[in-house]
Amino acid sequence: MEYLLIVATDPDAEPFVPEEDNVGDWVDDLESRGIRIRGQRLRPPTDATLVRVRDGELLVTDGPFTESKEWMAGYDILEVESLDEAIEIASRHPMARFGRIELRPAWPMDVHEPGAERHARERAEETAALG
Amino acid sequence: MTHGAAAHHDAVARAHRDEWARVVATLIRQTGDWTLAEDCAAEAFARAVERWPAEGVPRNPGAWLTTVARNLAIDRLRRRANEAAKVREAAALEEVEGGRNVGRRAGAPLPAPDGEPSETDTAFDRLGGESADGGVDDRLRLVFTCCHPALALEARVALTLRTLGGLTTAEIARAFLVPEPTMAQRIVRAKQRIRNAGIPYRVPDAAALPERLGGVLAVLYLVFNAGYSASGGDAERRGALADEAIRLARLVVRLMPEEREAASLLALMLLQDSRRRARVDAGGELVTLAAQDRTRWDAAEIASGLAILRSLERRPRGIRGPYRLQAEIAACHAAAPTADDTDFERIATLYDELAALDPSPVVALNRALAHGFAGRAKAGLDELDRLAASGALDRYHLLPAAQGELLARLGRADAAAARLRDALELAPSDAERRALRRRIDELGAAS
């Protein structure tokens with residue numbers, strides 16, 4: 001299964017200790033096992049750009065600047081057997097201690113299926129499952 | 001019902017109790033489809049009700065039920081594959097206008113268009129396949145998956161009772177006083193989450209096992225306490241949950257005989273449950289431990305609980321865990337012929353040990369009370385006052401109630417009554433309020 005591992009800051013976490021930032025070992029281990037597809041650190045929200053189309057008009061601004069002290073600081077894409085394996089890997093990332101990590105499973109879809117059909121099909125499946 | 005029919009009915013009920021988890025757990029491994037597994041297991045039991053009276057109870061009911069359920073699953077998967085094939089066939093026909101697809105056997109599933117095995121194909125492959133890691137009991141996989149920490153606690157509880165325990169959704173909804181559709185939705189969402197989040201169907205590896213087993217035991221104890229302490233509703237409903245928790249704890253102990261905290265939890269449940277009939281009087285009023293009629297305690301449950309603790313005593317290895325300590329405390333109560341004979345000195349020592357492992361304020365409260373009852377009422381009260389000053393148990397009615405009890409022991413009846421009246425304000429149920437009022441009246445009469 002494919003997971004997006006979102007590395008985020010967290011004001012409740014323990015303070016960052018640069019000497020204990022062993023993310024290189026973490027990456028080497030995962031890459032040697034072919035588990036980490038790719039990943040990157042991200043520039044802070046002050047360098048973010050927001051793109052919107054409203055009433056057909058393109059709006060480009062800087063931001064968004066939220067009051068939140070929890071922001072996405074990086075990401076990794078993992079290919080693993082199961083959630084348990086992803087949890088074990090996430091638990092060894094230094095930012096699990098110094099920040100926090102969110103695991104999001106990929107939700108594969110046939111991008112060429114017409115949107116209206118996909119929407120109707122998934123709605124019907126959901127209704128059937130809930131009886 | 002004739003005698004024979006009643007006997008067969010009992011045989012099916014017994015098989016349901018003993019074999020449900022095994023049948024479902026095996027089918028989940030083989031098909032990967034929780035709903036299919038439950039539906040087919042339920043259908044297999046329905047077949048048993050029809051057929052056992054005429055054909056006799058099979059020698060191995062579990063194997064019979066698993067085979068019937070498995071065949072039902074194969075039928076349903078085949079039908080599902082055919083329906084999917086028909087959809088794909090129609091789409092393919094539209095595209096190729098006949099010709100290229102001729103010659104394929106009617107009804108055989110078409111390969112999925114992208115050449116990937118469809119979900120149904122994989123389910124077929126797994127049916128009949130043996131488990132990858134050999135000797136592991138499928139029920140153990142089911143236990144750990146139902147209690148996975150990535151599921152919300154209430155989802156873990158519902159799934160454990162439904163899939164592992166075999167309770168119906170209606171029964172679980174009644175036990176937790178929620179509408180049946182709400183509970184049904186909770187269970188469906190939990191199963192969807194298992195699939196979507198990628199929660200595996202396996203026993204965690206050795207590194208993760210202690211923590212994950214702790215999570216399993218916490219769910220079972222929560223179910224037990226929901227049954228044991230539920231206020232409102234009927235005694236039968238409460239008893240059913242406690243019984244179920246004990247049954248599931250027995251299963252976990254059988255599956256993991258080396259795990260001492262699992263055995264300890266079972267002992268703790270048995271010892272607490274032994275007091276079930278004595279906890280409520282004929283008028284439905286709560287009776288405190290000290291005032292209970294001990295002849296109404298369940299001697300068989302006490303004997304089983306004490307036997308488990310003795311067997312743990314024979315393998316003294318490592319520290320005693322929190323369930324072990326709580327079970328030992330319950331055993332002190334169970335062993336006392338009267339409330340006054342209770343060995344509070346030993347209980348206080350056990351609470352010292354428990355508080356070192358579990359620094360929660362509720363444990364601190366009970367520890368202070370135990371020391372108070374062991375003849376150190378002043379020290380216990382000082383500790384409770386410190387706890388009250390910390391604010392950790394604000395709004396918790398048992399804190400002023402405990403202060404009241406120790407004040408009464410110190411002969412300060414007026415102060416005791418005042419604290420009990422504070423407890424009255426905070427008590428969560430009518431039954432507890434009535435019990436507190438009776439205690440206040442007793443103190444008034446004594447002073």
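Residues numbered from 1 in each chain as written. Chains lettered and ligands numbered in written order. Predicted model: local features only at pLDDT ≥ 70, side-chain atom pairs only at ≥ 80, totals over all residues. Heavy atoms only, no water.

Engineer: For this particular structure, what's the right way to read the overall build of chain B?
Structural biologist: When its secondary structure is counted, chain B shows 19 helices and zero strands. Per-residue burial over chain B gives 46% buried out of 447 residues. Restricting the contact set of chain B to residue pairs at least 6 apart, pairs at least 24 apart contribute 65%. Carbon together with sulfur atoms contributes 52% to the accessible area of chain B, which is approximately 22300 Å² in total. (Helix = DSSP H or I, 4+ residues; strand = E, 2+ residues; numbered from the N terminus. Buried < 20%, exposed > 50% of the residue type's maximum accessible area, 1.4 Å probe, protein only. Contact = heavy atoms within 4.5 Å. Areas by Shrake-Rupley, 256 points an atom, 1.4 Å probe, with all protein chains shown as cover.)

Engineer: Even after reading the chapter, I still don't get the interface of chain B and chain A, so can you show me in this structure?
Structural biologist: Counting residues at the interface gives 13 residues for chain B, matched by 10 residues for chain A. Buried area between chain B and chain A, summed over both chains or domains, comes out near 870 Å², and the portion from carbon and sulfur atoms is 55%. Per-residue buried area on chain B facing chain A is highest for V188, A197 and G198 of chain B; these three make up 33% of the total on that side. At the junction of chain B and chain A, the tally comes to two salt bridges. The residue R189 of chain B makes a salt bridge to E126 of chain A at a minimum N-O spacing of 2.4 Å. Counting across the chain B and chain A interface gives five residue pairs in polar contact (both at pLDDT 80 or more). In terms of residues, the side of chain B that touches chain A owes the most to one element, helix α8 (residues 180-197) of chain B, which gives six residues. Classifying every residue of the side of chain B that touches chain A by side-chain character gives five nonpolar, five polar and three charged. (Buried area = accessible area lost by both parts, 1.4 Å probe. Salt bridge = Lys/Arg side-chain N within 4 Å of Asp/Glu carboxyl O. Polar contact = N/O pair within 3.5 Å; in protein donor to acceptor, adjacent residues only side chain to side chain. Nonpolar A, V, L, I, M, F, W, Y, C, P; charged D, E, K, R; others polar.)

Engineer: Is there a simple way to explain the pattern of salt bridges in this structure?
Structural biologist: Pairs may arise between side chains of opposite charge once their charged atoms sit close together. All names here are of chain B. This structure, assessed with the given rule, holds 42 salt bridges over all chains. Linking D382 and K378 is a salt bridge whose minimum nitrogen-to-oxygen distance equals 2.8 Å. Here K378 and D382 lie together in helix α16 (residues 377-390), a separation of four residues that amounts to about one turn. Judged by relative accessible area, which is 30%, D382 ranks as partly exposed.

Engineer: Help me understand the domain arrangement of chain B, please; the structure alone is not making it clear to me.
Structural biologist: Many descriptions give the size of an interface as the accessible area lost when the pieces come together. Here chain B is described as being made up of domain 1 (3-99) and domain 2 (343-447). For domain 1 of chain B versus domain 2 of chain B, the distance between C-alpha centres works out to 55 Å. (Domains from an automatic or database assignment.)

Engineer: Help me understand the sheet that holds strand β5 (residues 72-79) of chain A in this model?
Structural biologist: In sheet architecture, strand pairing relies on hydrogen bonds along the backbone and comes in two forms, parallel and antiparallel. Residue and element names in this part refer to chain A. Reading across from one edge, β2-β5-β1-β6 is the order of the four strands in this open sheet, with antiparallel pairing throughout. Both outer strands of the open sheet, β2 (36-41) and β6 (99-105), are each paired with one neighbouring strand and no more. Each strand axis lies, on average, 15° off the axis of its neighbour in the sheet, ignoring direction. Pairing of strand β1 (residues 2-9) with β6 involves seven bridges; the strand directions are antiparallel. Each residue of the ladder has a partner; that of A8, found in β6, is R100. Sitting on the sheet, helix α1 (residues 23-32) is in contact with β1, β2 and β5, with an inclination near 155° to β2. (Pairing = 2+ DSSP bridges. Axes fitted to C-alpha atoms, helices over the stretch in contact; angles between N-to-C directions.)

Engineer: How should I be thinking about the pairing of β5 of chain A in this particular structure?
Structural biologist: A regular strand carries its side chains on alternate faces of the sheet. All names here are of chain A. As judged from the seven bridges shared by β1 and β5, these two strands associate in the antiparallel manner. In the sheet register, L5 faces β5, and the bridge partner there is D76. Bridging between β2 and β5 involves five bridges; their strand directions are antiparallel. Counterpart to Q40 in the pairing with β5 is Y75.

Engineer: How should helix α17 (residues 398-409) of chain B be read in this particular structure?
Structural biologist: Side chains of residues three or four places apart in an α-helix project in the same direction, reflecting 3.6 residues per turn. All names here are of chain B. Relative to the 16 Å expected for 12 residues at 1.5 Å per residue, α17 spans 16 Å between its end C-alpha atoms, a close match to the ideal helical length. Within the span of α17, buried status applies to L399, P400, A401, A402, Q403, G404, L406 and L407. With its phi angle positive at about 80°, G411 sits one or two positions after the end of α17. (Expected span 1.5 Å × (residues − 1).)

Engineer: Whenever I open this one, the environment of E113 of chain A confuses me. Can you help?
Structural biologist: Within the fold, E113 of chain A resides in the loop between β6 and α4 (115-129). Leave out the neighbours within four places in its chain, and E113 of chain A touches R118 and R121 of chain A.

Engineer: What am I meant to see in the packing of aromatic side chains here?
Structural biologist: Aromatic ring pairs are described here by two measures, namely the spacing of the ring centres and the angle between the planes. Under the definition given, this model contains seven aromatic pairs over all chains. When the ring of F16 of chain A is compared with that of F98 of chain A, the centres are 5.2 Å apart and the planes differ by 80°; the resulting orientation is edge-to-face. Of this pair, F16 of chain A sits in the loop between β1 and α1 while F98 of chain A sits in helix α3 (residues 94-98), placing them 82 residues apart in sequence. F16 of chain A sits in the partly exposed class, given a relative accessible area of 46%. The rings of Y221, F224 and Y323 of chain B are connected pair by pair, giving a single aromatic cluster. R275 of chain B extends its terminal NZ or CZ atom over the ring of W297 of chain B, reaching a point 5.9 Å from the ring centre. (Phe/Tyr/Trp six-rings, centres within 6.5 Å; stacked < 30°, edge-to-face > 60°. Lys NZ or Arg CZ within 6 Å of the ring centre and 35° of its normal.)

Engineer: When you look at the packing of α17 of chain B against helix α18 (residues 413-426) of chain B in this model, what are you seeing that I'm missing?
Structural biologist: Pairs of packed helices are described in terms of their axes, by the angle between the two and the distance that separates them. All names here are of chain B. Packing of α17 against α18 leaves a shortest axis separation of 8 Å and a crossing angle of 165°. Judged by the angle between their axes, α17 and α18 are roughly antiparallel. Relative to α18, the crossing made by α17 is left-handed. Seen from α17, the contacting residues are P400, A401, Q403, G404, L407 and A408; seen from α18, they are A415, A416, R419, L420, D422, A423 and L426. Its residues assigned to classes, the contact of α17 with α18 shows nine nonpolar, two polar and two charged. (Parallel < 35°, antiparallel > 145°, perpendicular 65-115°, else oblique. Left-handed = near helix turned anticlockwise from the far one by under 90°.)

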